[in-house]
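# Inside the fold
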Amino acid sequence: GLRAALTGHMVFSTLHTRDAASTPIRLIDMGAPRYMVASSLQAVIAQRLGRVNCPNCAKPYQPSEQEMQWLQGAERDDGKPAQMMHGRGCQFCHLTGYAGRIGVYEMLEMDAALTAAVNREDTSEFSQLAAKHMVGRSMRSHAAQLVFAGRTTLAEAIRISSEVED
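This one's a predicted model, so the numbers in the text were calculated from it and none came from an experiment. (Residues numbered from 1 in each chain as written. Predicted model: local features only at pLDDT ≥ 70, side-chain atom pairs only at ≥ 80, totals over all residues. Heavy atoms only, no water.)

### Here we look at the pattern of salt bridges
- As enumerated under the stated definition, the model contains five salt bridges in all.
- As a salt-bridge pair, Arg18 and Asp19 come within 3.7 Å of each other at their nearest N and O atoms.
- We classify Asp19 as buried; its relative accessible area is 14%.
- For Glu156, the salt bridge is made with Arg159, and the minimal N-O distance between the two is 2.7 Å. Highlighted residues: Glu156 and Arg159, both in helix H8 (residues 154–165), separated by three residues, approximately one helical turn.
- For Arg159, a relative accessible area of 29% corresponds to the partly exposed category. (Salt bridge = Lys/Arg side-chain N within 4 Å of Asp/Glu carboxyl O. Buried < 20%, exposed > 50% of the residue type's maximum accessible area, 1.4 Å probe, protein only. Helix = DSSP H or I, 4+ residues; strand = E, 2+ residues; numbered from the N terminus.)

Take a look at the structure:
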């Protein structure tokens with residue numbers, strides 16, 4: 001895959017990693033030469049599936065203090081007030097409060113600084129730079145936006161982000 005990317009081919013591949021930022025390091029750990037990873041990788045998308053509030057029984061609710069702590073620092077993208085919803089359970093959703101799934105994503109676009117950091121032996125610099133690039137664009141941020149829009153519960157957003165952060 002990396003050799004094809006170096007020759008100008010667009011390559012899509014799947015790799016199991018915790019988040020987008022850990023993908024280049026994982027490729028190197030798997031034996032890919034640093035220069036190949038640095039010169040061929042342009043973007044990494046990470047995804048999780050989250051449950052969607054049931055449109056039939058979702059009602060506004062007041063999150064717990066612990067849930068609200070998770071939201072600290074997050075603001076709704078469009079400036080509208082948060083509309084936190086929670087499905088109560090009905091026949092439509094088989095008493096679960098959820099109906100369907102939605103993708104929760106993050107994307108790390110490689111730039112010159114990230115590419116240079118991948119080429120270095122010490123991976124901590126890459127990790128720090130990638131973390132800075134992901135501020136406000138992480139999977140956790142996307143999950144928070146879905147909560148603010150009433151699409152999913154705060155509990156579901158916390159579950160998704162804890163899978164990423166572990």
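There's more to say after this.
### Digging into the nonpolar core
- Core analysis: the biggest nonpolar cluster contains 35 residues, and Leu108 and Phe126 have the highest contact counts within it.
- The element that contributes the greatest number of residues to this core is helix H7 (residues 139–148), accounting for six residues.
- Contacts of Leu108, omitting those with residues within four sequence positions, involve Ala20, Ala21, Gln42, Ala43, Val44, Leu114, Phe126, Ala130, His133 and Met134. (Core = buried A, V, L, I, M, F, W, Y, C linked by side-chain atoms within 4.5 Å. Contact = heavy atoms within 4.5 Å.)

### Let's talk about helix H5 (residues 112–119)
- For H5, every residue scored as buried is listed here: Leu114, Ala117 and Val118. Looking straight down H5, one finds that the buried residues subtend no more than 100° of arc, so they occupy a single side.
- Where H5 is buried, its residues meet helix H2 (23–29), helix H3 (34–40), strand S4 (98–109) and helix H6 (124–134).
- By the N-cap criterion, in which a side-chain oxygen at the helix start approaches the backbone nitrogen of a residue two or three places on, H5 is capped by Asp111, the distance to Ala113 being 3.2 Å. (Arc of directions from axis to C-beta. Polar contact = N/O pair within 3.5 Å; in protein donor to acceptor, adjacent residues only side chain to side chain.)

### Looking at the environment of Val118
- Note that Val118 resides in helix H5.
- The buried category is assigned to Val118, whose relative accessible area is 1%.
- Between the alpha carbons of Val118 and Ala38 there is a distance of 5.7 Å; along the sequence they are 80 residues apart.
- Leaving out residues up to four positions away in the same chain, Val118 has contacts with Pro24, Ile28, Arg34, Val37, Ala38, Met110 and Phe126.

Taken by themselves, the reported measurements are silent on function.
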